[in-house]
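Report on the structure
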Amino acid sequence: MTYLSLTIRPFVAGDTPALSRIWRDASEQAHGFFSHQQLADQQGLVETVYLASSETWVALQGNEPFGFIGLLPDERGAFVGGLFVSPTAQGQGIGRALIDHALALKSGLRLEVYEANIQARGFYARLGFRETGRREVDDNGLPFPLLKLDI
């Protein structure tokens, strides 16, 4: 099922509580290898740094946010700093719509996905992303390998 009335608009500061909830719910589902404290620390950064410092786009049905994508400048178009969809709305075309929106704005996309996040890896593969590399530790120096993908 897809959302027929999906709207994608730029982030505004008032979106922060809803997007933080989406981030936390999706991260708990997809990143079970993180501790509760690691997730709490990252959630604080999402709220205070990441949402406002990236080009963030919000997917809504009516006035309710269901997902978002954060883009950072990149020599090939944009780096996807994060793509998160509420677990209650996954599989309904929201993530695809956000990627399509980003591709319409940018010449290409790059991202990194945790190797252990099988669901996200499959999602990106279905959209045509291809693996271009990997790194063995994440941004915090933790031993969670990341795959580099681009389209």
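Anything mentioned here points back to the structure above.
No experiment lies behind these values; they were computed from the predicted model shown. Per chain, residues are indexed from 1 in the order of the written sequence. Residues qualify for local features only when their pLDDT is at least 70, as the model is predicted, and side-chain atom pairs are given and counted only at 80 or more; totals for whole chains, interfaces and linings, by contrast, use all residues. Water and hydrogen atoms were dropped before computing side-chain values, which therefore reflect all heavy atoms in the structure.

**Overview of a nonpolar patch on the surface**
We count it as follows: Patch members must show over 30% relative accessible area and no salt bridge, and they are joined within 9 Å when carrying like charges or within 5 Å when they are nonpolar side chains of Val, Leu, Ile, Met, Phe, Trp or Tyr. Each accessible area is a Shrake-Rupley result for a 1.4 Å probe, and residues are judged covered by the shown protein chains and nothing else. A side-chain nitrogen of Lys or Arg and a carboxyl oxygen of Asp or Glu constitute a salt bridge if their distance falls within 4 Å. Numbering of helices and strands runs from the N terminus, with a helix taken as a DSSP run of H or I at least four residues long and a strand as a DSSP run of E at least two residues long.
On the surface, a nonpolar cluster with roughly 230 Å² of combined accessible area is contributed by L45, V49 and Y50. Its place among the elements puts Y50 in helix α2 (residues 36-53).

**Quick notes on α2**
Here is the rule: Helix span, expected: 1.5 Å multiplied by one less than the number of residues in the helix. A residue's bend is given by the angle between axes fitted to the 7 residues ending at it and the 7 residues starting at it. Think of it in three bands: with a 1.4 Å probe and only protein chains considered, a residue is buried below 20% of the maximum accessible area for its type, exposed above 50%, and partly exposed in between. Residue contacts follow a heavy-atom distance rule, with two residues in contact if any of their heavy atoms lie within 4.5 Å.
With 18 residues, α2 ought to run about 26 Å at 1.5 Å a step, and its terminal C-alpha atoms sit 25 Å apart, in line with that. The principal kink in α2, of about 50°, is found at V46. Restricting attention to buried positions, one finds in α2 the residues L39, Q42, Q43, V46 and L51. Next to the buried residues of α2 lie α1 (16-30), β2 (55-61) and β3 (64-74).

**Overview of the pairing of β2**
Put simply, the rule reads: For two strands to count as paired, DSSP must find a minimum of two bridges between them.
Burial analysis of β2 places five of its seven residues in the buried class, which makes it a mostly covered element. In this structure, β2 lies alongside β3, joined through seven bridges in antiparallel fashion. In the strand pairing of β3, W57 is matched with I69. Hairpin connection, β2 to β3: the antiparallel pair is bridged by two residues, and G62 has positive phi, about 65°.

**Regarding the sheet that holds strand β4 (residues 77-85)**
Defined as follows: Axis definition: a line fit to C-alpha positions, over the contact stretch in the case of helices; interaxial angles, taken between N-to-C directions, run 0 to 180 degrees.
Taken together, seven strands build an open sheet; the order of strands is β1-β2-β3-β4-β5-β7-β6 and the sheet is mixed. Unpaired on one side and paired on the other, β1 (6-10) and β6 (130-135) mark the two borders of the sheet. In this sheet, neighbouring strand axes are inclined to one another by 30° on average, regardless of whether the strands run parallel or antiparallel. Seen against the sheet, α1 touches β2, β3 and β4 and runs at an angle of roughly 85° to β3. This element, helix α4 (residues 118-126), spans β4, β5 (109-114) and β7 (146-150) of the sheet and lies at about 155° to β5.

**What to know about the packing of aromatic side chains**
Put simply, the rule reads: Only rings of Phe, Tyr and Trp enter the pairing, Trp through its six-membered ring, and a pair is recorded when the two centres are within 6.5 Å. The plane angle decides the type: under 30 degrees is stacked, over 60 is edge-to-face, the rest tilted.
On inspection of all chains with the given rule, the structure shows nine aromatic pairs. Through a chain of ring-to-ring contacts, three or more aromatic side chains come together here, namely F33, F34, Y114 and F144.

**Regarding the pattern of salt bridges**
One pass over the structure, following the stated rule, counts nine salt bridges. A salt bridge links E115 to R134; its shortest N-O distance comes to 2.6 Å. With a gap of 19 residues between them, E115 in the loop between β5 and α4 and R134 in strand β6 connect regions that are remote in the sequence. E136 is paired through a salt bridge with R134; the nearest N and O atoms lie 2.6 Å apart. The exposure class of E136 is partly exposed, given its relative accessible area of 47%. Taking the relative accessible area as the measure of exposure, R134 reaches 36% and is therefore partly exposed. A cluster of three or more residues bridged by salt bridges with shared partners is formed by E112, R135 and D139.

**A few points about the packing of helix α3 (residues 94-105) against α4**
Counted only if it meets this: To sort the angles, those under 35 degrees are grouped as roughly parallel, those over 145 as roughly antiparallel, those from 65 to 115 as roughly perpendicular, and the leftovers as oblique. Two helices cross in a left-handed way if the nearer one is turned anticlockwise from the farther one by less than a right angle. They cross in a right-handed way if the turn is clockwise. Lys, Arg, Asp and Glu make up the charged group, whereas Ala, Val, Leu, Ile, Met, Phe, Trp, Tyr, Cys and Pro make up the nonpolar group; the residues left over, Gly among them, are polar.
At a closest axis distance of 11 Å, the pairing of α3 and α4 adopts a crossing angle of 50°. The pairing of α3 with α4 is recorded here as oblique in orientation. Helix-helix and strand crossings are classified by hand; for α3 and α4 the assignment is right-handed. Here G95, R96 and I99 of α3 lie close against α4, whose contacting residues are F123, Y124 and R126. Per-class residue counts for the contact of α3 with α4 are three nonpolar, one polar and two charged.

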